[in-house]
Amino acid sequence: MRHLAAIAAREIKLGFRNPWAYSFMALFALFSLALLLIQSQAGLDGYTSTTGTMMNLILYLLPLMTMLLGSFALTSEKEEGGWRLLSSFSLRTHSYLWGKYFGLAVVLLVIVAFGFGLSGIAGAFFGQGFALAGYGRLLLFSALIVLSFLGLSVLMGSICRNRWQALTYGVGVWFFLILGWPTMLIAGLGFPPYLWIKPALVALIFVNPAELNRLFFVVKMGGGSVLGPEYYRWVEWIERPAGSLIFAIVCLAWIVAYVESAAWLWERGRRRE
């Protein structure tokens, strides 16, 4: 635990010295101000076309930002020799990767909080403030997207050998899970027998953290009717009192699975050296 806390503190310091972090902070601040302009034309009370647009914009930016920062933080250690120095001490791989995860999580959540805070202050100043409930849900949605994709970025960083490889893999995974997912889902579900389509759809939604987060928050904002009758059972279990608990357990399971898989791959590579 002491080593984990030390790695996390070190990562926070490195993260706030990283020019990439400030570039993404500026980009997300500009993005949040654009959300303010969208909100000035329509409110955030419940699920509306405006809310859906904002969620889609968040899904385009935050996963890519998280994938790049997270994977670069690990591959840079490999390239610059930082990991070789740290591995000469009695440092366990699990402590190292979980420390990286928690440190990067703090940096990324500060970026998200800064962007939303800036738009909230600007909105209050110009009299175009956000509805508190809708604003809070979008903030929580953004935080969960960051935490989920950060676990995936740690896994990508453990696989990649350098930053160029991390950039290529990160953009590829982002494109597949965010941009290409609807098209590939529709195309893929046309092959299995009809009785297999619903189970396959459920399994595939649980595989993609972005899709399940989007689905969960659309229902929580009262937009379950836009999903259609095929998603009725999803709306039903999400709206139950235990729905949020199940969702939280699934998100936690994703993160643990990603980071533990990264630790296994990292340790395997460490033994080969």
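Bear in mind the structure is a predicted one, so any value in this text is a computation, not a measurement.

Broken down by element type, the protein carries 12 helices and 0 strands. Beginning at the N terminus, the succession of helices and strands in the protein can be written as α-α-α-α-α-α-α-α-α-α-α-α. Going through the 273 residues of the protein one by one, you find that 47% of them count as buried. Within the protein, residue pairs in contact and separated by at least 24 positions form 80% of the contacts whose partners lie at least 6 positions apart. Counting only carbon and sulfur atoms, one obtains 68% of the accessible surface of the protein, whose full area is about 14,000 Å².

To continue, consider the nonpolar core. Ranked by internal contacts, the top residues of the largest apolar core, which has 71 residues, are Phe28, Leu62, Leu97, Ile111 and Phe149. Here leucine 62 is in contact with Phe28, Val112, Ser142, Ile145 and Val146, once residues within four sequence places are set aside.

Our next topic: helix 7 (residues 163–179). Over its 17 residues, helix 7 runs 23 Å from end to end, which matches the ideal 24 Å to within 8%, given 1.5 Å per residue. Every buried residue belonging to helix 7 is among Ala166, Gly170, Trp174, Leu177 and Ile178, and all of these are buried. The buried side chains of helix 7 occupy one side of the element, clustering within an arc of 80° when seen end-on. For helix 7, the exposed residues lying more than 90 degrees away from the buried face are Trp164 and Thr168. For helix 7, the capping residue at the N-terminal end is asparagine 162, with a side-chain oxygen 3.3 Å from the backbone nitrogen of tryptophan 164.

This brings us to the environment of serine 261. By the secondary structure assignment, serine 261 is in helix 12 (residues 243–272). As for serine 261 and leucine 152, which are separated by 109 residues in sequence, their C-alpha atoms are 9.7 Å apart.

Here we come to the packing of aromatic side chains. Following the criterion strictly, the structure yields 8 aromatic pairs and no others. Relative to tyrosine 101, the ring of tryptophan 98 lies with its centre 5.7 Å away and its plane at 75°, an arrangement referred to as edge-to-face. Note that tryptophan 98 and tyrosine 101 are positioned in helix 5 (residues 93–125) at a spacing of 3 residues, about one turn of the helix. We note that tryptophan 98, like tyrosine 101, is buried. Between the aromatic rings of phenylalanine 216 and phenylalanine 247, the centroid separation amounts to 3.9 Å while the plane-to-plane angle is 5°, which identifies the pairing as stacked. On the criterion of sequence distance, the pair formed by phenylalanine 216 in helix 10 (residues 209–220) and phenylalanine 247 in helix 12 is long-range, its members being 31 residues apart. We note that phenylalanine 216, like phenylalanine 247, is buried.

Let's shift gears to the packing of helix 9 (residues 194–207) against helix 10. Two elements in contact, helix 9 and helix 10, have axes separated by 5 Å at closest approach and are oriented at 105°. Taken together, helix 9 and helix 10 sit at an angle that is classed as roughly perpendicular. The segment helix 9 lies against helix 10, with Ile205, Phe206 and Val207 engaging Pro209, Glu211, Leu212 and Leu215. Taken together, the residues that form the contact of helix 9 with helix 10 break down as 6 nonpolar, no polar and 1 charged.

The subject of this paragraph is the confidence of the model for the protein. Residues of the protein with pLDDT of at least 70 account for 79%, and the chain-wide mean is 78. Ranking the elements of the protein by mean pLDDT puts helix 11 (residues 232–238) last with 62 and helix 7 first with 89.

So, on to the side chain of glutamate 211. Its place among the elements puts glutamate 211 in helix 10. By relative accessible area, glutamate 211 is classed as buried at 14%. Reaching out from glutamate 211, the side chain makes a polar contact with the side chain of arginine 214 at a distance of 2.6 Å. Each residue touching glutamate 211, except ones within four places of it in the same chain, is listed here: Trp181 and Ile205.

Attention shifts here to the pattern of salt bridges. A pair can form between side chains of opposite charge whenever their charged atoms are brought close. For the coordinates displayed, the defined rule picks out 4 salt bridges. The salt bridge partner of glutamate 11 is lysine 100, with a shortest N-O separation of 2.6 Å. Taken together, the residues glutamate 11 in helix 1 (residues 2–17) and lysine 100 in helix 5 connect sequence positions 89 residues apart. Look at lysine 100 and you get buried, because its relative accessible area is 1%. Between arginine 214 and glutamate 211 there is a salt bridge whose closest N-O contact spans 2.6 Å. One end of the pair, arginine 214, and the other, glutamate 211, are both in helix 10, 3 residues apart, so they sit about a helical turn from each other. The exposure class of arginine 214 is partly exposed, given its relative accessible area of 23%.

Definitions and limits used
- Residues numbered from 1 in each chain as written.
- Predicted model: local features only at pLDDT ≥ 70, side-chain atom pairs only at ≥ 80, totals over all residues.
- Heavy atoms only, no water.
- Helix = DSSP H or I, 4+ residues; strand = E, 2+ residues; numbered from the N terminus.
- Buried < 20%, exposed > 50% of the residue type's maximum accessible area, 1.4 Å probe, protein only.
- Contact = heavy atoms within 4.5 Å.
- Areas by Shrake-Rupley, 256 points an atom, 1.4 Å probe, with all protein chains shown as cover.
- Core = buried A, V, L, I, M, F, W, Y, C linked by side-chain atoms within 4.5 Å.
- Expected span 1.5 Å × (residues − 1).
- Arc of directions from axis to C-beta.
- Polar contact = N/O pair within 3.5 Å; in protein donor to acceptor, adjacent residues only side chain to side chain.
- Phe/Tyr/Trp six-rings, centres within 6.5 Å; stacked < 30°, edge-to-face > 60°.
- Axes fitted to C-alpha atoms, helices over the stretch in contact; angles between N-to-C directions.
- Parallel < 35°, antiparallel > 145°, perpendicular 65-115°, else oblique.
- Nonpolar A, V, L, I, M, F, W, Y, C, P; charged D, E, K, R; others polar.
- pLDDT = per-residue confidence, 0-100.
- Salt bridge = Lys/Arg side-chain N within 4 Å of Asp/Glu carboxyl O.

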